[in-house]
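# Summary of structural features
Listed below are the residues making up each chain.
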Amino acid sequence: MLHSLGIVGQLYLGVFALSGIVCFAAISRARKFQDPDVRRGLVGLLATAGGWALLRVAGFLLPDPFRMPAYIIGLAIGFATVWAWLYFCSAYSGRTYHRNTPLRRLGVFIFLIVVSIKVTNPIHGAYFTVRQTSTPFAHLAVEHNVLHWTATGLSYVLSAVGLFMIFQLFFESGYDTRPLSVLSVLIGLPVVLDIVAQFTPLLINIIYAPIGVAVFAVGVLFVFERRFIAVQRASFGDDLSIYLDERGRIRDYSATVRDVLPELDDSAGDRLSEAVPSVVEALESDDQILEREQSGEPRYYFVSTSTTMLGDAGAQVVLLSDVTQTERQRRQLAERESEVNYSRCNSEEDSSNSRSSS
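Everything numeric here is computed off the predicted structure, so don't read it as measured data.

## Section: the overall build of the protein
Scanning the protein from N- to C-terminus turns up 14 helices and seven strands. Put simply, the protein has 358 residues, and 43% of those count as buried. If you take every contact in the protein between residues at least 6 apart in sequence, the share linking residues at least 24 apart comes to 60%. A total of about 18,600 Å² of accessible surface is found on the protein, and carbon and sulfur atoms cover 59% of it.

In structure tokens form, the structure reads like this:
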């Protein structure tokens, strides 16, 4: 079966299989997110996108009688991805649309209507038609009809609404959110592939959205996890702030930051590097993590900077966000990996010594 797909088909198979595996693998990471609504939205997004991607894989591999059902089920799950994305965006940005009962009922109603049209397509054929083709590899080619483009247009609009909520949060958070902004754009970038596929035989006519979700999941949950959490917490006002003037001197700070940095007392007018050098060291480090001991236990803070207006003058703001739980989990994992590597090295050394003695 794999051989019959050729190189291009195997490439499509590998990309969608990897996307699905990545999405499902990231669920365990997403379930550790403290905010329950954000956690539910993110897990839902990963589960639906992962299932959609793997059903694409099934559509490539299954024999003819099963390709159509796999495609239709994938369409239904794919449409659910849009609503999971909206739920996540609303919760992550601090809004309550995902809890609004009338909106939720409207969403369920629209979802059921669209899914019923997709599922009954073999009867009416108004959503899509299919044919077997061997270009660029043997697969079930889909010709989308007007109802598909209506539902797809709705999906694009709803996804854009979610992106707007995310970007507004990024803009107002005060953090350097450029990496997260790029990842958010990437989640919608496969739309370009969807459109290009309509005009060139180099791409097959298939929705590429699961690939964008997989890239987004890797970025926010494995690469920029601390920043992802810090920005979300900043939206609820629980970040800790130090305001500096244009010369880097402490001008003001939030009341709660003194609980973490008591040395800030009577530090107005002092340079940050002199009053709390550990904060400057954290800013200049690769991971931007500040470790402080509170109540006999270490706590970890992600440190970043932004600029804002304070009175009539510009000011630099140093922001601290508590990422203790995430950092503890990361360090515990690193310690376990180190212990495993140490045990493996000792075992290999003992084995080598035994062979030498004999």
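## Digging into the side chain of Asp37
Along the chain, the position of Asp37 falls in helix α2 (residues 36-61). Given the relative accessible area of 5%, Asp37 is considered buried. Separated by 3.0 Å, the side chains of Asp37 and His98 make a polar contact. Not counting residues within four places of it along the chain, the set of residues in contact with Asp37 comprises Tyr87, Ala91, His98 and Arg99.

## Section: a nonpolar patch on the surface
A grouping of Tyr97, Leu103, Leu106, Phe109 and Ile113 is seen on the molecular surface, where their side chains present a nonpolar patch of about 500 Å² in accessible area. The class for Leu106 is partly exposed, based on a relative accessible area of 45%.

## Quick word on helix α13 (residues 277-284)
By the burial criterion, the buried members of α13 are Val279, Val280 and Ala282. Looking straight down α13, one finds its buried side chains confined to an arc of 160°; they lie on one side. Residues of α13 that are exposed and angled more than 90 degrees away from the buried face: Glu281 and Glu284.

## Considering the packing of α2 against helix α3 (residues 64-92)
A pair of packed helices can be characterised by two numbers: the angle between their axes and the separation between those axes. Contact geometry for α2 and α3: axes closest at 8 Å, N-to-C directions at 160°. As summarised for this structure, α2 and α3 are arranged roughly antiparallel, according to the angle between their axes. When you trace α2 past α3, the crossing you get is left-handed. Here the contact of α2 with α3 is built from residues that sort into 20 nonpolar, seven polar and four charged.

## With respect to the environment of Val22
As for its placement among the helices and strands, Val22 is situated in helix α1 (residues 2-30). Sequence separation between Val22 and Val215 is 193 residues; the distance between their C-alpha atoms is 8.5 Å. Beyond its immediate sequence surroundings of up to four residues, Val22 is in contact with Ala214 and Val218.

## Details of the pattern of salt bridges
With the rule as written, the count across this model stands at nine salt bridges. Note that Asp322 is salt-bridged to Arg299, the shortest N-O span being 2.8 Å. A residue pair is termed long-range when its members are at least 10 positions apart, and Asp322 in strand β7 (residues 313-322) and Arg299 in strand β6 (residues 297-310) qualify at 23 residues. The partly exposed category is assigned to Arg299, whose relative accessible area is 27%. Look at the salt bridges and you will find they share partners, linking Glu291, Glu327, Arg330 and Arg331 into a network.

Basis of the calculations
- Residues numbered from 1 in each chain as written.
- Predicted model: local features only at pLDDT ≥ 70, side-chain atom pairs only at ≥ 80, totals over all residues.
- Heavy atoms only, no water.
- Helix = DSSP H or I, 4+ residues; strand = E, 2+ residues; numbered from the N terminus.
- Buried < 20%, exposed > 50% of the residue type's maximum accessible area, 1.4 Å probe, protein only.
- Contact = heavy atoms within 4.5 Å.
- Areas by Shrake-Rupley, 256 points an atom, 1.4 Å probe, with all protein chains shown as cover.
- Polar contact = N/O pair within 3.5 Å; in protein donor to acceptor, adjacent residues only side chain to side chain.
- Patch = residues over 30% accessible without salt bridge, like charges linked within 9 Å, V, L, I, M, F, W, Y side chains within 5 Å.
- Salt bridge = Lys/Arg side-chain N within 4 Å of Asp/Glu carboxyl O.
- Arc of directions from axis to C-beta.
- Axes fitted to C-alpha atoms, helices over the stretch in contact; angles between N-to-C directions.
- Parallel < 35°, antiparallel > 145°, perpendicular 65-115°, else oblique.
- Left-handed = near helix turned anticlockwise from the far one by under 90°.
- Nonpolar A, V, L, I, M, F, W, Y, C, P; charged D, E, K, R; others polar.

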